[in-house]
Amino acid sequence: MKIIKVKDSIKGSEKSFDIIKDFLGNNMSVIGLATGSTQLQLYKRIIESDLDFSNTISINLDEYIGLAKENKQSYHYYMNENLFQYKKFKKSYIPNGDNKEELELERYNNIINDNKIDLQLLGLGENGHIGFNEPGTSFKSKTNKVKLTKSTLDANKRFFDENEIMPKYAYSMGIGSILSAKTILIIAYGINKADAVKKMIEGPIDESVPASSLQTHKDVIIIIDEAAASKLN
Ligand code: F6R
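Caption draft 1: How the structure looks around the site of the ligand. Taken together, 13 residues sit near the ligand, with Thr-38, Asp-62, His-129, Gly-131 and Lys-193 positioned nearest. Contact distances for the ligand include 2.9 Å between an oxygen atom and a backbone N or O atom of Ser-37. Here an oxygen atom of the ligand sits 2.4 Å away from a polar atom, N or O, in the side chain of Thr-38. When isolated, the ligand has an accessible area of 410 Å², and the protein chains bury 94% of it.

Caption draft 2: Local environment of the packing of helix H1 (residues 9-25) against helix H2 (residues 40-48). Where H1 contacts H2, the two axes come as close as 9 Å, and the packing angle between them is 55°. Considering the angle they form, H1 stands oblique to H2. Like other packed secondary-structure pairs, H1 and H2 cross with a definite hand, here right-handed. Listed contacts from H2 to Ser-9, Ile-10, Ser-13, Glu-14, Ser-16, Phe-17 and Ile-20 of H1 are Gln-41, Leu-42, Arg-45 and Ile-46. Counted by class, the contact of H1 with H2 contains five nonpolar, four polar and two charged residues.

Caption draft 3: Layout of the pairing of strand S8 (residues 169-172). Inspection of the sheet shows strand S4 (residues 62-64) paired to S8 by three bridges, in the antiparallel sense. Within S8, the residue paired with Asp-62 across the bridge is Ser-172. As paired elements, strand S7 (residues 144-147) and S8 share four bridges and run antiparallel to each other. Note on S8: the bridge partner recorded for Lys-145 is Tyr-171.

Caption draft 4: Spatial organisation of the sheet that holds S8. Taken together, three strands build an open sheet; the order of strands is S4-S8-S7 and the sheet is antiparallel. Looking at strand neighbours, the two that pair on one side only are S4 and S7, the edges of this open sheet. Taken pair by pair, the neighbouring strands of this sheet meet at an average axis angle of 25°, ignoring direction.

Conventions we followed
- Residues numbered from 1 in each chain as written.
- Predicted model: local features only at pLDDT ≥ 70, side-chain atom pairs only at ≥ 80, totals over all residues.
- Heavy atoms only, no water.
- Near = heavy atom within 4 Å.
- Polar contact = N/O pair within 3.5 Å; in protein donor to acceptor, adjacent residues only side chain to side chain.
- Areas by Shrake-Rupley, 256 points an atom, 1.4 Å probe, with all protein chains shown as cover.
- Axes fitted to C-alpha atoms, helices over the stretch in contact; angles between N-to-C directions.
- Helix = DSSP H or I, 4+ residues; strand = E, 2+ residues; numbered from the N terminus.
- Parallel < 35°, antiparallel > 145°, perpendicular 65-115°, else oblique.
- Left-handed = near helix turned anticlockwise from the far one by under 90°.
- Contact = heavy atoms within 4.5 Å.
- Nonpolar A, V, L, I, M, F, W, Y, C, P; charged D, E, K, R; others polar.
- Pairing = 2+ DSSP bridges.

Worth remembering: the numbers are spatial, not functional.
Structure representation (structure tokens):
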């Protein structure tokens, strides 16, 4: 694991931007994308740049089940708002939260099998989740239907208005699929992530901490700010 410690999220987004730029310069054909607040500054930086993704396919990690693509809380909406309306990709894939489980899992697994991910971007959940793979998920898992844990529901309810019902389930690319990416870039900022960062890097490799699976991958880059790194030995 290559650990890059930065002062704050501004420096972190610069670093992650540089890595993506290098991969593009080396003809990256498929990038795995994440949503969440961690990636917002990075996407802003990308939008302001002249990076060209017209030859790159994007594959997103996850989507809530039961939200239409137009719903403001859906990850389709997030990606359009924060990246895709400004940067055109060759093709972009996001799980379809409106599709029947059996069909969607097969469709998304086929997409991942047909498009080997060169660089997978990840955020880190406070409970150590990657994608929406909650503690206990098999490290061999493919795309799956996930029951979101209380920790994730609590962490993400800030995005929902009071009168909006937050979905309890999501489709997520599995941990096995994430680990099949050639390179993984995981980013975490803030004191809320410090415990998960410690377990990811220093803890035992155990399915109770999905991010500890990254210790088994040969090419992982971790970008953390001082607060997120504060509990590391
Ligand atoms: C989002 C995703 C999640 C988030 C994680 C961190 O597509 O897969 O794993 O990356 O929950 O979320 P933020 O960045 O909002 O703290």
